[in-house]
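Reading the structure
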There are 2 protein chains.
Amino acid sequence: MRPRPAPLAAALDLRQGRVEQAHGSGGRAMTHLIETLFMAAFDPGAAPLAEDAACLERPAGRLVLSTDSHVVSPLFFPGGDIGCLAVNGTLNDLAMRGAQPLYLAASFILEEGLPLADLQRIVASMAQAARAAGVAIVTGDTKVVERGKGDGVFITTTGVGVVADGLEISASRAQPGDLILLSGALGDHGLAVLAQRENLRFETPILSDTAALHGLVAALLVTAPDGLHCLRDPTRGGLGCALNEIARQSGVGMRLREAAIPVHEPVRALCEFLGLDPLYIANEGKLLAIVAAEAAPAVLAALRAHPLGSEAMLIGEVVADEDRFVDMETLLGGRRLVDWPSGELLPRIC
Amino acid sequence: MRPRPAPLAAALDLRQGRVEQAHGSGGRAMTHLIETLFMAAFDPGAAPLAEDAACLERPAGRLVLSTDSHVVSPLFFPGGDIGCLAVNGTLNDLAMRGAQPLYLAASFILEEGLPLADLQRIVASMAQAARAAGVAIVTGDTKVVERGKGDGVFITTTGVGVVADGLEISASRAQPGDLILLSGALGDHGLAVLAQRENLRFETPILSDTAALHGLVAALLVTAPDGLHCLRDPTRGGLGCALNEIARQSGVGMRLREAAIPVHEPVRALCEFLGLDPLYIANEGKLLAIVAAEAAPAVLAALRAHPLGSEAMLIGEVVADEDRFVDMETLLGGRRLVDWPSGELLPRIC
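Residues numbered from 1 in each chain as written. Chains lettered and ligands numbered in written order. Predicted model: local features only at pLDDT ≥ 70, side-chain atom pairs only at ≥ 80, totals over all residues. Heavy atoms only, no water.

1. Focus on the nonpolar core
Keep this limit in mind: Put simply, a nonpolar core is a bunch of buried Ala, Val, Leu, Ile, Met, Phe, Trp, Tyr and Cys residues held in one set by side-chain atoms that sit within 4.5 Å of each other. Each residue gets one of three labels from its accessible area relative to the maximum for its type: buried under 20%, exposed over 50%, partly exposed in between, using a 1.4 Å probe on protein chains only. The way it works is that DSSP assigns letters per residue, a run of H or I at least four long becomes a helix, a run of E at least two long becomes a strand, and they are numbered from the N terminus. Start and end positions for the domains come from either an automated domain assignment or a database one. Here, residues are in contact when the closest pair of their heavy atoms is within 4.5 Å.
Counting residues in hydrophobic clusters, the biggest one holds 77 residues, and the most contacted among them are A:F108, A:L119, A:L239, A:M254 and A:L256. Broken down by element, the residue count for this core peaks at 9 residues, all from helix α3 (residues 116–133) of chain A. Residues from two domains meet in this core; each of domain 1 (21–163) and domain 2 (179–337) of chain A gives at least three. Other than its neighbours up to four places away in sequence, A:L239 contacts A:L182, A:L186, A:P234, A:L256, A:I261, A:L279, A:N283, A:L288 and A:I315. Within the second largest apolar cluster, 76 residues are counted, among which are B:V19, B:A106, B:I155 and B:I246.

Here it is, written out as structure tokens:
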């Protein structure tokens, strides 16, 4: 008598179980993890054991490709977690080129000992964020490292999108005379993560602003297809870093008005208390739009008409400046150089 | 007098320097690392400070997308390193769908303290592997984690390729009567990494077989465009895992002949010494081709005519078996079940 085929592996204990080395080594346990935890969330109808690569439709338009590793610590924070952050962050990098996101790949580096319940919660958050954005997670990978060689879970997401022919939104297209719009208040994401990490408690908790911005971008493209020169989400390094990057790439200067830059009161208060500058704190659901002056009123109106841009402001203008300085008129009427961030910024906020 | 613009950051000391937190936080130091280390290797002619997403040509064909995180330990091993492995591994996942690889994205998770010289060597190895394969690394990301929260460097590569309309190579297409071809000897990669990790020394060192297989696949597609049913590179979990995955997805069994399966003598000897089975050791430059019987002679000849397939062998056949067993006729004429790998396999070999 020949033996009966063994079941693929013992059922995962999603309440009490933890990531083990065997979950990464290519055998039964790994297959079981992929099928019962990842595929159940990302692709409930799929056949067991997907291929190592996904075959997709032929896209209409030029491709846009972006990748980001996410190492945020802690994994869960007010307003989000590493899962939705990893989805939204990569979708936003595509959206900042004017692209419509189509597909995501997700690769996980798991530390031995990670509670499977945490992993399941993170994966569910990714699946929900992807569904909300209308994007499919089509392929992935899982690796396991020993305790002390990782930190819970790192997630690398890679996005594929398409951009219409002729549309060229780029950090090198800012021109003197363009106006600078900001879709909302600064600093919520970075401080939400910091507060969670340092166990700071407030009456009004600061929530991460993590959100997928491609819907907002689509609305702007309808409003002013030719007037949008640059889009940028001010993540690591914040507004200060994003504007300096654009100034450098476009060979221009910028003049900001501090009074116009929105910062929520709890963020302002915590920044003052900790000696941080909201201009350099990471955001995960805001965008900068640098637009032709004649298009600015319509773009600002379109931003404010969208739930993710209701606090949008015109914060400054692009000027000719061979030094490529970003200057700011301060609240007191003085001027301040908004330099590149340097030295220690908040680590591991994305 | 207005201040002079500061230089972007102090020059990187590539000989003595190490990765610091500032290299990951979005400011000057990070920009400098990206430009002088990554972009200098990957895209020497590019403008400074690429966008967060790459705009690419409109591809001709269906898209294929694959992602893999690489956590191999140690970072350097006989025959390769994490850099070329990360490039070749993802190209191979695309190739196993019959795709021509076009673009790679590369995302780095760096541990604070990693010598910059090691990082530069790894990045140079990636650039060389990508150039050799005719593929561009078009976008990327860098994160830094604290000492003890990572392990030197983890690299996630994501590949985009195109596959001709009508070509359907898939692990679900094996049919009873198909023949199973293996492009070369088993176990070199896994044992090369293990030997380096455990500091084992031999007269004839075992070298990793890491290689990009899309050129070999292209040759097979010319030879037998309709006869290729499945392609699979037997990486983690080795041949045993790959064949069980295909058997399960296709709903078939397999019969192997042990005498036909090539294993280099040093690998065989070390496996015996360590009590390991070459059937479950990872390979990084080999492929399994499951082909229609009438196409098998031509495909085998095409494999052997290519430098990466010179030791190719016909190792078995696909049979009808509702239990989906992979059986093997042993050297002594007995039969053995080649089960799914279970329990502890070699960790962190890719």
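2. A short note on the sheet that holds strand β1 (residues 54–56) of chain A
We count it as follows: DSSP-based pairing: two strands are paired if at least 2 bridges between them are found. Here an axis means a line fitted to C-alpha atoms, over the contact stretch when the element is a helix, while the angle between two N-to-C directions is reported on a 0 to 180 degree scale.
One open sheet accounts for 5 strands, arranged β1(A)-β2(B)-β7(B)-β5(B)-β6(B); its pairing is mixed. Of all the strands in the sheet, just β1 of chain A together with β6 (136–145) of chain B have a single pairing partner and so form its edges. Each adjacent strand pair in this sheet contributes to an overall mean axis angle of 15 degrees, direction not counted. Its contacts with the sheet put helix α1 (residues 28–42) of chain B on β5 (100–111) and β6 of chain B, and the angle it makes with β6(B) is roughly 145 degrees.

3. What about the environment of A:L14?
All names here are of chain A. Mapped onto the fold, L14 is located in the segment before α1 (28–42). Residues L14 and L119, 105 residues apart in the sequence, show an inter-C-alpha distance of 9.0 Å. If we ignore the near neighbours within four places in the chain, the residues touching L14 are L37, L116, A117 and Q120.

4. Overview of the pairing of strand β11 (residues 288–291) of chain B
All names here are of chain B. By the alternation rule, side chains of β11 split into L288 and I290 and A289 and V291, which are all buried. One ladder, built from 4 bridges, connects strand β9 (residues 228–232) with β11; its direction is antiparallel. Among the inter-strand pairings, R232 is bridged to a residue of β11, identified as L288.

5. Thoughts on the relation of the copies chain B and chain A
This is how it is decided: What sets the superposition is a least-squares fit of C-alpha atoms, and only residues with pLDDT of at least 70 in both copies go into it.
Aligned on chain A, chain B shows an RMSD of 0.0 Å; the corresponding rotation is 180 degrees and the shift along the axis is 0.0 Å. Given the turn and translation reported, the copies of this chain are related as if by a two-fold rotation axis. Across chain B, the smallest distance between a C-alpha and the rotation axis is recorded for B:G150, namely 2.2 Å. Interface overlap between copies is the fraction of interface residues in one copy that are interface residues in the other; for chain B against chain A it reaches 100%, indicating a shared surface.

6. Topic: the state of the cysteines
What counts here: Throughout, disulfides are identified as pairs of cysteine sulfur atoms within 2.5 Å of each other.
All told, the structure shown has 0 disulfides over all chains when counted by the stated rule. Unpaired in terms of disulfides, A:C241 finds its nearest cysteine sulfur in A:C350, a separation of 11 Å.

7. Some thoughts on the domain arrangement of chain A
All names here are of chain A. Put simply, the rule is: Buried area: the accessible surface (1.4 Å probe) lost by two parts on joining, summed over both. Just to be clear on terms, a salt bridge is a Lys or Arg side-chain nitrogen sitting within 4 Å of an Asp or Glu carboxyl oxygen. In protein, a polar contact requires one atom able to donate a hydrogen and another able to accept it; more generally it is a pair of N or O atoms within 3.5 Å, and residues adjacent in sequence count only if both atoms are side-chain atoms. Each residue is assigned to one of three groups, with Ala, Val, Leu, Ile, Met, Phe, Trp, Tyr, Cys and Pro labelled nonpolar, Asp, Glu, Lys and Arg labelled charged, and all others, Gly among them, labelled polar.
Assigned domains within chain A: domain 1 (21–163) and domain 2 (179–337). For domain 1 versus domain 2, the distance between C-alpha centres works out to 28 Å. Each partner contributes to the interface: domain 1 provides 20 residues, whereas domain 2 provides 20 residues. Of the roughly 1,600 Å² buried between domain 1 and domain 2 on both sides combined, carbon and sulfur atoms contribute 63%. Broken down residue by residue, the surface that domain 1 buries against domain 2 is led by P78, N92 and M96, which jointly contribute 36%. Summed over the shared surface of domain 1 and domain 2, the number is 0 salt bridges. Applying the counting rule to domain 1 against domain 2 returns 7 residue pairs in polar contact (both at pLDDT 80 or more). Sorting the residues of the side of domain 1 that touches domain 2 by element identifies β3 (76–77) and α2 (82–95) as the ones contributing at least two each. Looking at the side of domain 1 that touches domain 2, the element that brings in the most residues is α2, giving 8 residues. Taken together, the residues that form the side of domain 1 that touches domain 2 break down as 12 nonpolar, 7 polar and 1 charged.

8. A word on the pattern of salt bridges
Tallied over the entire structure, the rule returns 34 salt bridges over all chains. Through salt bridges with shared partners, a single ionic network connects A:D68, A:R236, B:D141 and B:K143.

9. What to know about the interface of chain B and chain A
Contacts between the two partners involve 94 residues from chain B, matched on the other side by 94 residues from chain A. Here chain B meets chain A over a buried area of about 7,600 Å², counting both sides, of which 52% is carbon and sulfur. A per-residue breakdown of the area chain B buries against chain A is headed by B:L63, B:L65 and B:R236, which together make up 10% of the total. Run the count over chain B and chain A and you get 12 salt bridges. The closest approach of N and O atoms between B:D141 and A:R236, which form a salt bridge, is 3.0 Å. Inspection of the chain B/chain A interface yields 30 residue pairs in polar contact (both at pLDDT 80 or more).

10. Some thoughts on the confidence of the model for chain A
Note the threshold: Here pLDDT means the predictor's own confidence in every residue, given as a number from 0 to 100.
Per-residue pLDDT for chain A averages 92, and the proportion of residues at 70 or more is 95%. Our summary of model confidence lists the complex with pTM equal to 0.95 and ipTM equal to 0.94.

11. Focus on the packing of α1(B) against helix α3 (residues 116–133) of chain B
Residues and elements named next belong to chain B. Quick note on the threshold: Angles are sorted into four bins: roughly parallel if under 35 degrees, roughly antiparallel if over 145, roughly perpendicular if 65 to 115, and oblique for all others. Handedness of each helix crossing follows the sense of rotation of the near helix against the far helix: counterclockwise by less than a right angle gives left-handed, clockwise gives right-handed.
As a packed pair, α1 and α3 sit with axes 8 Å apart at the nearest point and diverge in direction by 30 degrees. With respect to α3, the element α1 is oriented roughly parallel. Relative to α3, the crossing made by α1 is right-handed. From α1, L33, L37, F38, A41 and F42 reach across to α3, where they touch L116, L119, Q120, V123, M126, A127 and R131.

12. Structural notes on the sheet that holds strand β12 (residues 313–319) of chain B
Residue and element names in this part refer to chain B. Read from one edge to the other, the open sheet built from 7 strands follows the order β9-β11-β8-β12-β10-β13-β14, with strand pairing classed as mixed. Each of the sheet's edge strands pairs with one partner strand only, and the pair in question is β9 and β14 (335–337). Direction aside, neighbouring strands of the sheet carry axes that sit 25 degrees apart on average. Pairing of strand β10 (residues 253–257) with strand β13 (residues 326–329) involves 4 bridges; the strand directions are parallel. In the strand pairing of β13, R257 is matched with E329. Lying on the sheet, helix α8 (residues 296–304) is in contact with β8 (179–182), β9, β11 and β12; it crosses β8 at an angle near 5 degrees.

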